[in-house]
Amino acid sequence: MAKFNRKILITGGAGYIGQNLTNYFLEKKYKICVVDNLSTSKPINKNIKNKINFFKFDLANKDRTKIFFRDKSFDLIIHLAAFSGVEQFNKDILKSFNNNILATRNLVNFGFRNKNTKLIFASSAAVYGKVSSEKITENRNCQPANYYGLSKLACENIINNSLKNNYIILRYFNVVGSIINFKINKKINSLMDIIEKKIKQKRYKININGSKLDTNDGTPERDFIHIKDLCKIHENAYKYLEKNKKKITLNCGSGIKYSVLNVVKAFEKNIKNKFKVSYRVTNTDETKTICANINLLKNLLKINIEKKKINDLVKDYL
Ligand SMILES: NC(=O)c1ccc[n+]([C@@H]2O[C@H](COP(=O)([O-])OP(=O)(O)OC[C@H]3O[C@@H](n4cnc5c(N)ncnc54)[C@H](O)[C@@H]3O)[C@@H](O)[C@H]2O)c1
């Protein structure tokens, strides 16, 4: 089938990753449908909305989801809809947990009556829990250290137990940057969002969760993947599924780690201003260092992840 006839459903498509992915696949001439209840996002940008089919409803609502899929079928479903971000999740754990589980269960129950429909699920590195310093492979034991990670692991289990094949679970690490020329108001407070906000407000003070960790500079280390690479990964994942009737779980990171202090310094360099940094330990559960082993991702999806310098990663935020 010609590419421009392929139909992709993006759940949670009004969110940060969703709008970037929608824009990416629109440029590649796919037909895009978005389902989002706008619970953690603002209405979708009008330049994008004009080019897609948009449905506003809650995927956790069983009857509504059933009705939606009664007369629709898709070549690919990218399932992003979820409550995420540990802080946001912890505000109402039960509500957040239910949201993620029910949305996934309903989607799996009603969205795959056409056996050829493929699925890409947005899971998270949070499923691994506290980890040691070596790079994590996908077969590592999952022991989530927070309820958000637990909800993602439960969703993975729902998918693994319900669908035979035709899906890829992508465990995203920290997704950063943008490929669209407008700002998406995010509720999630990722490290770079927080620093960006502080710069806008001219509040040059930041606290880092500890300075005496067993890492290169004593501060926590993270693996950041640029959204441009993430979009390409989804495209290649779909192409892979078209050729192979498989079920796979893949790490979705860059394989490079930068410390929180590295990130702060990169911003300082770009804005030519200094932050007053404190090192109070506010979260003893935080993982000190986490980085993806991406050999499987690169080999299976035939993809090269750009080795971006930290300075380039922060540029989209300025
Ligand atoms: N941003 C990251 O760094 C990151 C890292 C790991 C995993 N993830 C996962 O990727 C996905 C997308 O993340 P994001 O950063 O774009 O988050 P986001 O909050 O910007 O987007 C999520 C979208 O899902 C929608 N949604 C939530 N529950 C819904 C429901 N029940 N029915 C319909 N729509 C619903 C929200 O309104 C929102 O637009 C999430 O599943 C998240 O857990 C993101």
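Rules used throughout
- Residues numbered from 1 in each chain as written.
- Predicted model: local features only at pLDDT ≥ 70, side-chain atom pairs only at ≥ 80, totals over all residues.
- Core = buried A, V, L, I, M, F, W, Y, C linked by C-beta atoms within 7 Å.
- Buried ≥ 20, exposed ≤ 12 C-beta atoms within 10 Å, placed from the backbone.
- Helix = DSSP H or I, 4+ residues; strand = E, 2+ residues; numbered from the N terminus.
- Contact = placed C-beta atoms within 7 Å.
- Near = placed C-beta within 6 Å.
- Nonpolar A, V, L, I, M, F, W, Y, C, P; charged D, E, K, R; others polar.
- Pairing = 2+ DSSP bridges.
- Right-handed = clockwise from strand over helix to strand, strands pointing away.
- Expected span 1.5 Å × (residues − 1).
- Arc of directions from axis to C-beta.
- Axes fitted to C-alpha atoms, helices over the stretch in contact; angles between N-to-C directions.
- Parallel < 35°, antiparallel > 145°, perpendicular 65-115°, else oblique.
- Left-handed = near helix turned anticlockwise from the far one by under 90°.

Caption draft 1: Structural context of the nonpolar core. The biggest cluster of nonpolar side chains holds 81 residues, and the ones touching the most others in it are I8, I120, F121, L170 and C252. Examining the composition of this core, we find that six residues originate from one element, helix α8 (residues 227-243), more than from any other. Setting aside anything within four residues of it in sequence, one finds F121 in contact with H79, C155, I159, Y167, I169 and L170.

Caption draft 2: Examining the site of the ligand more closely. Near the ligand lie 31 residues; those nearest to it are G12, G15, S41, A82 and S84. Secondary-structure elements contributing two or more residues to the shell around the ligand are α1 (16-27), α5 (93-110), β5 (118-124) and β7 (174-176). Among the elements that make up the shell around the ligand, the one with the highest residue count is α1 (three residues). Across the shell around the ligand, the residue classes tally to 16 nonpolar, twelve polar and three charged.

Caption draft 3: Inspection of the pairing of strand β2 (residues 31-35) at higher detail. As paired strands, strand β1 (residues 7-11) and β2 are joined by five bridges and run parallel to one another. Bridge assignment links I8 to a residue of β2, and that residue is I32. In this region the chain leaves β1, passes through α1 and returns to the parallel neighbour β2; the handedness of that crossover is right-handed. Here three bridges tie β2 to strand β3 (residues 53-55), and the two strands are oriented parallel to one another. Paired with C33 across the bridge in β3 is N53.

Caption draft 4: Main features of α8. Taking 1.5 Å per residue as the helical rise, α8 with its 17 residues ought to reach 24 Å, and the 25 Å between its terminal C-alpha atoms agrees with that figure. Buried within α8 are the following residues: L230, C231, I233, H234, A237, Y238 and L241. Down the axis of α8, the sector holding all buried residues measures 155°, keeping them to one side. Along α8, exposed side chains directed more than 90 degrees from the buried face belong to K239 and K243.

Caption draft 5: Representation of the packing of α5 against helix α6 (residues 147-162) in the model. At a closest axis distance of 10 Å, the pairing of α5 and α6 adopts a crossing angle of 15°. It follows from the interaxial angle that α5 and α6 lie roughly parallel. Relative to α6, the crossing made by α5 is right-handed. In this structure, α5 uses I93, S96, F97, N100, I101, T104, R105 and V108 to contact α6, whose residues at the interface are Y147, S151, A154, C155, I158, I159 and S162. Its residues placed into classes, the contact of α5 with α6 shows nine nonpolar, five polar and one charged.

Caption draft 6: Representation of unusual backbone geometry within the structure. The phi torsion at K29 lies on the positive side, around 75°, for a residue other than glycine. Unlike most non-glycine residues, L38 shows phi in positive territory, near 55°. Relative to the helices and strands, L38 resides in the loop between β2 and α2 (46-49).

Caption draft 7: How the structure looks around the sheet that holds β1. An order of β3-β2-β1-β4-β5-β6-β10 is seen for the seven strands of this open sheet, with the pairing classed as parallel. Two strands lie at the open edges of the sheet, namely β3 and β10 (247-252), each paired on one side alone. Shown here is a sheet whose adjacent strand axes are inclined to one another by a mean of 15°, direction ignored. Its contacts with the sheet place α6 against β5 and β6 (167-172), and it is angled at close to 160° to β5.

Caption draft 8: Region of the structure containing the sheet that holds β7. With respect to topology, three strands assemble into an open sheet ordered β7-β9-β11, the strand pairing being mixed. Two strands close off the open sheet at either side, each with one partner strand: β7 and β11 (257-259). Pairwise comparison of adjacent strand axes, ignoring direction, gives a mean angle of 50° for this sheet. Summarising the sheet, β7 and strand β9 (residues 221-226) pair through three bridges and their orientation is parallel. Following the sheet pairing, V176 is matched in β9 by H226. Its contacts with the sheet put α8 on β7 and β9, and the angle it makes with β9 is roughly 65°.

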